[in-house]
Amino acid sequence: MSNEDRILLTKPLKPVAVLRSKRRIAVGVASLASLAIAGTALFIWEPWVDRSPFTARSYSPLDADMFVDTGDGSCRAEGVAAREKLLGEDKRVLATGSSQGGESLSSEYGDLAGHCFAYTEFTGVPAGEDAYFVVSGERLYTADGEELGPVETAEASLRESMSEAKKHWENFQEPAD
């Protein structure tokens, strides 16, 4: 044998355990990244929110000078009070409507007895908005002369039937001045 040492032309192999742990780390990082992307996409898309259009109704009790009594227990808003717009959360107009009808309120509605409980119907309203705002053609003011802006309305309120909406107004008492 000669005094020459053998020369290896290949790299020494790393232990198998080190290769497996690096592979597991890479797979774990890729899995977490995939979950983050999928979660972000679901959060933006919101597939659980029903966005199909629906017919909304806005209810409000009207004073005697704002409605016409038809004489059979029903009534309807007249003039400027009969026209309303439904705005979305970004204040864009989603739908316009005019008064469809209403019912005269009986004595069980306290101070609202004799008022007209009128409704405005809006068709084709996109569902799934975070907030809705009903803007009347009639400008309303507080006792101090401040204009009342549109009030935020939930989608559930816009989907209520007239009997459900009237329950909120039973035994209503006007605030003392």
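The shown structure was predicted, so the numbers you read here are calculated from the model rather than taken from an experiment.

### A word on the confidence of the model for the chain
Mean pLDDT over the chain works out to 82, with 84% of the residues at or above the 70 mark. Mean pLDDT values over the elements of the chain span from 83, in strand S3 (residues 75-77), up to 92, in helix H2 (residues 155-158).

### As for the pattern of salt bridges
Applying the stated rule across the entire model yields five salt bridges. Of the charged contacts in the structure, one is a salt bridge between Glu121 and Arg57, with a shortest N-O distance of 3.1 Å. Taken as a pair, Glu121 in strand S6 (residues 116-125) and Arg57 in strand S1 (residues 54-62) lie far apart in primary sequence, 64 residues in all. According to the relative accessible area criterion, Arg57 is partly exposed, its value standing at 25%. When the shortest N-O distance is used, the salt bridge between Glu103 and Lys166 registers 2.5 Å. Taken together, the positions of Glu103 in strand S5 (residues 93-104) and Lys166 in helix H3 (residues 162-167) put the pair 63 residues apart, joining distant regions of the chain. For Glu103, a relative accessible area of 30% gives the class partly exposed. Among the charged side chains, a network of salt bridges with common partners joins Asp90, Arg92 and Glu129.

### Considerations on a nonpolar patch on the surface
Residues Leu42, Trp45 and Trp48 make up a contiguous nonpolar surface patch of about 420 Å² in total accessible area. Along the chain, Leu42 turns up in helix H1 (residues 16-45).

Conventions used here
- All residue numbers refer to position in the chain's written sequence, counted from 1.
- Local features in this predicted model are restricted to residues of pLDDT 70 or higher, and side-chain atom pairs are both shown and tallied only at a pLDDT of 80 or more, whereas totals for entire chains, interfaces and linings draw on every residue.
- Excluded from the side-chain calculations are hydrogens and water; all other atoms, namely the structure's heavy atoms, are used.
- Confidence per residue, as judged by the predictor, is encoded in pLDDT with a range of 0 to 100.
- Each helix corresponds to a stretch of at least 4 residues labelled H or I by DSSP, and each strand to a stretch of at least 2 residues labelled E; elements are numbered beginning at the N terminus.
- One speaks of a salt bridge when a side-chain nitrogen belonging to Lys or Arg is within 4 Å of a carboxyl oxygen belonging to Asp or Glu.
- Residue exposure (1.4 Å probe, protein chains only): buried if accessible area is under 20% of the type maximum, exposed if over 50%, otherwise partly exposed.
- Patch membership requires more than 30% relative accessible area and the absence of a salt bridge. Residues of like charge join within 9 Å; the nonpolar side chains Val, Leu, Ile, Met, Phe, Trp and Tyr join within 5 Å.
- Accessible surface is estimated by sampling points in the Shrake-Rupley manner with a 1.4 Å probe; for residues, cover comes only from the protein chains shown.

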